Amino acid sequence: MDIKDLGDTIIKIGLCRYGPRQYRLFLCTSTFLPGTGDYEDAPEICNDREMECYRIWLEDMIKTDNICAGTGYYEHLSDAIQAVEESPGFERWIN
């Protein structure tokens, strides 16, 4: 998927490194929070929800401006930022 087709609002951009390759990550708003789907979990965790939340997308290491993967959904901005900053390869925020 091309970054311009993302559909989510980008609120922060970071730089990551995998070996010699550098790539960007995009911390975005989202309105969909997927549930676990596990019937043993409480309904608020098990079921998908329409709500304001945050999503992290990763840029392809070879084809810039192309999204190759997502790494998760987060209810709170602080949790999303912490997850990014603690992930292997994270270097810094660029905005």
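Worth saying up front: this structure is predicted, and the values here are computed from it rather than measured.

Draft legend 1. Structural view of the sheet that holds strand E2 (residues 21-33). What the five strands build is an open sheet, ordered E4-E3-E2-E1-E5; its pairing is antiparallel. Because the sheet does not close on itself, it has two edges, and the strands there are strand E4 (67-74) and strand E5 (90-93). Each strand axis lies, on average, 30° off the axis of its neighbour in the sheet, ignoring direction. Bridging between E2 and strand E3 (residues 49-59) involves eight bridges; their strand directions are antiparallel. Pairing of Thr29 across the sheet is with Tyr54, part of E3.

Draft legend 2. View of the packing of aromatic side chains. The final tally for this structure, using the stated rule, is one aromatic pair. Positioned over the ring face of Trp93 is Lys12, at 4.8 Å from the centre of the ring. Against the face of Trp57 rests Arg55, its NZ or CZ located 4.2 Å from the ring centre.

Draft legend 3. Expanded view of the pattern of salt bridges. Counted under the stated rule, the structure contains three salt bridges. Residues Arg24 and Glu59 are paired through a salt bridge, measuring 2.7 Å at the closest nitrogen-oxygen approach. Of this pair, Arg24 sits in strand E2 while Glu59 sits in strand E3, placing them 35 residues apart in sequence. For Glu59, a relative accessible area of 4% gives the class buried. Here the residues in one salt-bridge network are Arg24, Glu59 and Asp65, joined through shared partners.

Draft legend 4. Looking closely at the confidence of the model for the protein. In this model, the protein carries an average pLDDT of 87, and 97% of its residues clear a pLDDT of 70 or more. By mean pLDDT, the top-scoring element of the protein is E5 (97), and the lowest-scoring one is helix H1 (residues 43-46) (76).

Reading guide: rules and limits
In every chain, residue numbers begin from 1 and rise along the written sequence. Since the coordinates come from a predicted model, pLDDT governs what is reported: local features require at least 70, and pairs of side-chain atoms require 80 or more to be given and counted, while whole-chain, interface and lining totals use all residues. Hydrogen atoms and water are omitted, and side-chain values are computed over all heavy atoms in the structure. Pairing between strands requires that DSSP locate at least two bridges from one strand to the other. In this description a helix means any DSSP run of H or I spanning at least four residues, a strand means any run of E spanning at least two, and both kinds are numbered starting from the N terminus. For helices, the axis comes from a line fit to the C-alpha atoms of the stretch in contact; other axes are also lines fit to C-alpha atoms, and the angle between any two N-to-C directions lies between 0 and 180 degrees. Side-chain rings of Phe, Tyr and Trp, where Trp is taken by its six-membered ring, are said to pair if the distance between their centres is within 6.5 Å; with planes under 30 degrees apart they count as stacked, over 60 as edge-to-face, and otherwise as tilted. Charge over a ring is defined by NZ of Lys or CZ of Arg lying within 6 Å of the ring centre and within 35 degrees of the ring normal. By salt bridge we mean one thing: a side-chain nitrogen of Lys or Arg within 4 Å of a carboxyl oxygen of Asp or Glu. For every residue, the accessible area obtained with a 1.4 Å probe (protein chains only) is divided by the maximum for its type, and the residue is called buried under 20%, exposed over 50%, and partly exposed between those limits. For every residue, the predictor assigns a confidence score, pLDDT, that lies between 0 and 100.

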